[in-house]
Amino acid sequence: MSRLVFVERSHVFYAFDPYLKPAAIAKPGDLVFFETQDCFGGQIKSEEDTIEKVDFSRVNPATGPLYVEGAEPGDALVVDVLSIEVSEKGFVVTAPGAGVLGDKVKKSKTRVCRVIGDYVEYAGLKMPAWRMIGVIGVASGEKSPTGTPGRHGGNLDTKFITTGVRVYLPVFYEGGLLGIGDLHAVMGHGEVCVAACEVSGSVLVRVNVLKNTGPAWPIVEYGDSLYILVSKETISDYILEAADIAVSTLSKVLGLEWIDSYMLTSLAVDVGISQLVNTRKTVWVKIPKYLAPVEKVLTALATP
Ligand code: CA
Ligand code: ZN
């Protein structure tokens, strides 16, 4: 029988470090309820609080880590996102040098965004809410700060990590050591000004383990497609890596020569941007499941 495991908001960490003490332990199949802080660690409380006032040692907190029994290096940790609740009040910020047009920003600014039902109000405008998880990852040998994305997940800031999806992360250390944080009430892919509508909240997930299929990069199963999330320092690097991984995955799954898979990728795979503003940028490649079912993609992407 699956149990409900609760991880309180006070159990935060700032690097996906394999030596952290687990905040809770779950068995495969358990439901886990993570309470999360916003990406500012709650330090921004009004429009008067600009980003300069924030203590950066307390930004991007992730709740956890959660130890999942049976998760061993080389496995895939499977996280089903069952629901995401967000606070009514969120903040979007920018500052000189922040985001892709930071050179044009003359002074820092913070604005409130309000979540009202399925809408977000910002500056008198109403837009459909899009509740999503910014940070989701496992312990890595790099001890990545929670603000950085990578093979272990982390600050992926990808809209597809929303309610109803399944996320596959590679396990590098026993128990996986899952952390979740940085919820957004709405965000545009790119996250161009450096922030989304940043909110605190809670996430209900179900965790599972797939043996020996830890993928080289995080995968999100969303609708009829699989999104492989690749994070690198520079745009050209990550687009090259993403295209390369799509071509090699389809070549393995379908038994195609590389050049045929290259051309198939050009026909059937979308490449897009998650975020352009973190220490590493994140891009996605969208592989339709009619071409490659998830089990085969996991096997193709499994790290040897
Ligand atoms: Ca983020
Ligand atoms: Zn965020």
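Residues numbered from 1 in each chain as written. Chains lettered and ligands numbered in written order. Predicted model: local features only at pLDDT ≥ 70, side-chain atom pairs only at ≥ 80, totals over all residues. Heavy atoms only, no water.

1. Let's talk about the overall build of the chain
Consideration 1: Check the secondary structure of the chain and you find 3 helices and 21 strands.
Consideration 2: Taking 304 residues into account, the globule formula puts the C-alpha radius of gyration at 19 Å, and the chain, at 19 Å, falls close to it.
Consideration 3: Restricting to contacts in the chain with at least 6 residues of sequence separation, those with at least 24 account for 76%.
Consideration 4: In the form shown here, the chain has an accessible surface area of approximately 13200 Å², with 55% of it arising from carbon and sulfur atoms. (Helix = DSSP H or I, 4+ residues; strand = E, 2+ residues; numbered from the N terminus. Rg over C-alpha atoms; globule rule 2.2 N^0.38 Å. Contact = heavy atoms within 4.5 Å. Areas by Shrake-Rupley, 256 points an atom, 1.4 Å probe, with all protein chains shown as cover.)

2. Some words on helix 2 (residues 258–268)
Consideration 1: Within the sequence span of helix 2, burial applies to S261, L264, T265 and A268. Buried residues along helix 2 cover an arc of 105 degrees about the axis, so they all sit on one side. Opposite its buried face, helix 2 presents the exposed residues S266 and L267, each directed more than 90 degrees away.
Consideration 2: In this fold, the buried residues of helix 2 make contact with helix 1 (235–254), strand 20 (270–275) and strand 21 (281–288). (Buried < 20%, exposed > 50% of the residue type's maximum accessible area, 1.4 Å probe, protein only. Arc of directions from axis to C-beta.)

3. Focus on the coordination of the calcium ion (ligand 1)
Consideration 1: In this structure, N155 (OD1), D157 (OD), D157 (OD) and D182 (OD) serve as the protein donors to the calcium ion (ligand 1), at separations of 2.2 to 2.5 Å.
Consideration 2: Going along the chain, you hit the donors of the calcium ion (ligand 1) in the pattern N-x1-D-x24-D. (Donors = N, O, S within 2.8 Å, 3.2 Å for Na, K, Ca; no water.)

4. Some details on the domain arrangement of the chain
Consideration 1: Here the chain is partitioned into domain 1 (4–43 + 53–87 + 132–210) and domain 2 (219–301).
Consideration 2: Here the C-alpha centre of domain 2 lies 22 Å away from the C-alpha centre of domain 1.
Consideration 3: On the side of domain 2, 20 residues touch domain 1, which itself brings 24 residues to the contact.
Consideration 4: Sorting the residues of domain 1 by area buried against domain 2 places P149, F160 and Y168 first, and these three jointly supply 33% of that buried surface.
Consideration 5: Our count for the domain 1 to domain 2 interface comes out at 1 salt bridge.
Consideration 6: Ionic pairing is found between E142 and R280, a salt bridge with its closest N-O pair at 2.9 Å.
Consideration 7: The tally of links from domain 1 across to domain 2 stands at 11 residue pairs in polar contact (both at pLDDT 80 or more).
Consideration 8: Taken together, the elements giving at least two residues each to the side of domain 1 that touches domain 2 come down to strand 12 (149–150) and strand 14 (166–170).
Consideration 9: The leading source of residues in the side of domain 1 that touches domain 2 is strand 14, at 3 residues. (Domains from an automatic or database assignment. Buried area = accessible area lost by both parts, 1.4 Å probe. Salt bridge = Lys/Arg side-chain N within 4 Å of Asp/Glu carboxyl O. Polar contact = N/O pair within 3.5 Å; in protein donor to acceptor, adjacent residues only side chain to side chain.)

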